[in-house]
Amino acid sequence: TDREWDLAEFLLRFLAPFKAATDRLQGTAKPSLQKTFQIYEELFNGLENIKAVFQEIDPAPHWISDVTSSIDAMWKKLSKYYNRTDQPFAYYDATILHPGKKLSLFKRSSWQGGTPEQCKQACRARYNAKYATINVPWQQTVKNKKIKHIDLDSDNSSSSDGEEHMFDEFDHYLESRRDKTIDDPLVWWRKWGSMFPILSKMARDVLAIPATGAGVEREFSMSG
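A short tour of the structure in this document, coming up.

Calculation criteria
- Residues numbered from 1 in each chain as written.
- Predicted model: local features only at pLDDT ≥ 70, side-chain atom pairs only at ≥ 80, totals over all residues.
- Heavy atoms only, no water.
- Helix = DSSP H or I, 4+ residues; strand = E, 2+ residues; numbered from the N terminus.
- Buried < 20%, exposed > 50% of the residue type's maximum accessible area, 1.4 Å probe, protein only.
- Areas by Shrake-Rupley, 256 points an atom, 1.4 Å probe, with all protein chains shown as cover.
- Phe/Tyr/Trp six-rings, centres within 6.5 Å; stacked < 30°, edge-to-face > 60°.
- Expected span 1.5 Å × (residues − 1).
- Contact = heavy atoms within 4.5 Å.
- Salt bridge = Lys/Arg side-chain N within 4 Å of Asp/Glu carboxyl O.

Below, the discussion takes up the overall build of the chain. Scanning the chain for helices and strands turns up nine helices and two strands. In the chain, the order of α-helices and β-strands from amino to carboxyl end is α-α-α-α-α-β-β-α-α-α-α. Residues counted as buried form 37% of the 224 residues belonging to the chain. Total accessible area computed for the chain in this model is approximately 14,300 Å², and 52% of it derives from carbon and sulfur atoms.

Next comes the structure, spelled out in structure tokens:
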């Protein structure tokens with residue numbers, strides 16, 4: 001019927017972002033854990049936009065009440081899973097260790113989690129506990145020498161005399177400019193791994209975690 005065709009067209013357009021989000025989060029070829037918070041935010045915004053559009057439609061389609069109840073159920077289901085992301089710290093660390101994101105997501109007005117400083121210090125604590133004690137040959141205190149501050153996004157570097165200086169990978173990484181052109185963070189860490197030999201180990205460990213188990217489950221289903 002015409003009603004069914006109208007509803008089918010709406011559902012096709014409405015569900016497209018959810019299909020795209022599913023594909024991104026269940027992929028296994030590239031890291032996607034750092035995209036989780038952003039994708040959830042996009043989906044919640046999409047549901048809110050649809051609700052706002054429905055309120056302005058006049059006359060309203062016959063099927064709008066069915067869809068409205070479905071959207072409420074989707075919101076409830078999304079909230080259930082989104083609330084669970086507050087527990088595993090890997091979601092936060094993956095976001096911070098993405099060179100194009102870092103702390104920017106936690107500074108948005110729409111962010112409902114901890115403050116940027118809380119997220120930063122929690123990530124730093126894990127870095128200090130598990131990685132900062134790893135020794136690399138050149139990572140040592142330098143005395144009475146000129147220390148260069150390296151700007152990762154510029155050919156210019158400044159030097160200053162200091163009595164004692166310890167190069168802190170975590171601080172230096174967060175203070176450097178975000179690289180918004182990076183989609184795959186592993187590409188960036190491969191390039192700058194020599195500058196951050198310890199922090200890059202943490203980044204590889206965290207980014208290796210899949211955002212969902214759907215990709216692995218799909219492989220098992222195919223093999224079955």
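The structure having been displayed, the exposition proceeds.
The next point concerns the packing of aromatic side chains. Taken as a whole and judged by the stated rule, the model has 22 aromatic pairs. With centroids separated by 5.1 Å and ring planes inclined at 75°, the aromatic side chains of Phe-37 and Trp-111 adopt a geometry described as edge-to-face. Of this pair, Phe-37 sits in helix H2 (residues 36–56) while Trp-111 is found in the loop between helix H4 (90–96) and helix H5 (116–130), placing the two residues 74 residues apart along the sequence. When the ring of Tyr-173 is compared with that of Phe-196, the centres are 6.1 Å apart and the planes differ by 85°; the resulting orientation is edge-to-face. Taken as a pair, Tyr-173 in helix H6 (residues 169–175) and Phe-196 in the loop between helix H7 (185–192) and helix H8 (199–207) lie far apart in primary sequence, 23 residues in all. What makes Tyr-173 buried here is its relative accessible area of 0%. The exposure class of Phe-196 is buried, given its relative accessible area of 0%. Here the aromatic residues Phe-37, Tyr-40, Phe-44, Trp-75, Tyr-82, Tyr-91, Tyr-92, Phe-106 and Trp-111 are joined through ring pairs into a cluster of three or more.

Helix length check: H2 (21 residues) gives 31 Å between terminal C-alpha atoms against 30 Å at 1.5 Å per residue, within 8%. Where H2 is buried, its residues contact helix H1 (2–26), helix H3 (64–84) and H4.

Under the definition given, this model contains 11 salt bridges. Among the ionic pairs, Lys-19 bridges to Asp-23, the shortest N-O distance being 2.7 Å. Of the two residues, Lys-19 and Asp-23 are both situated in helix H1; the distance of four residues between them amounts to about one turn of the helix. Look at Lys-19 and you get exposed, because its relative accessible area is 51%. Among the residues examined, Asp-23 registers a relative accessible area of 37% and is labelled partly exposed. One salt bridge connects Asp-171 with Arg-124, and the closest N-O pair in it is separated by 2.3 Å. Here Asp-171, found in helix H6, pairs with Arg-124, found in helix H5; they are 47 residues apart in sequence, far enough to count as distant. Note on Arg-124: relative accessible area 14%, which makes it buried.

Looking along the chain, the bond that leaves Asp-58 and enters Pro-59 is cis, with omega of 0°. Its place among the elements puts Pro-59 in the loop between H2 and H3.

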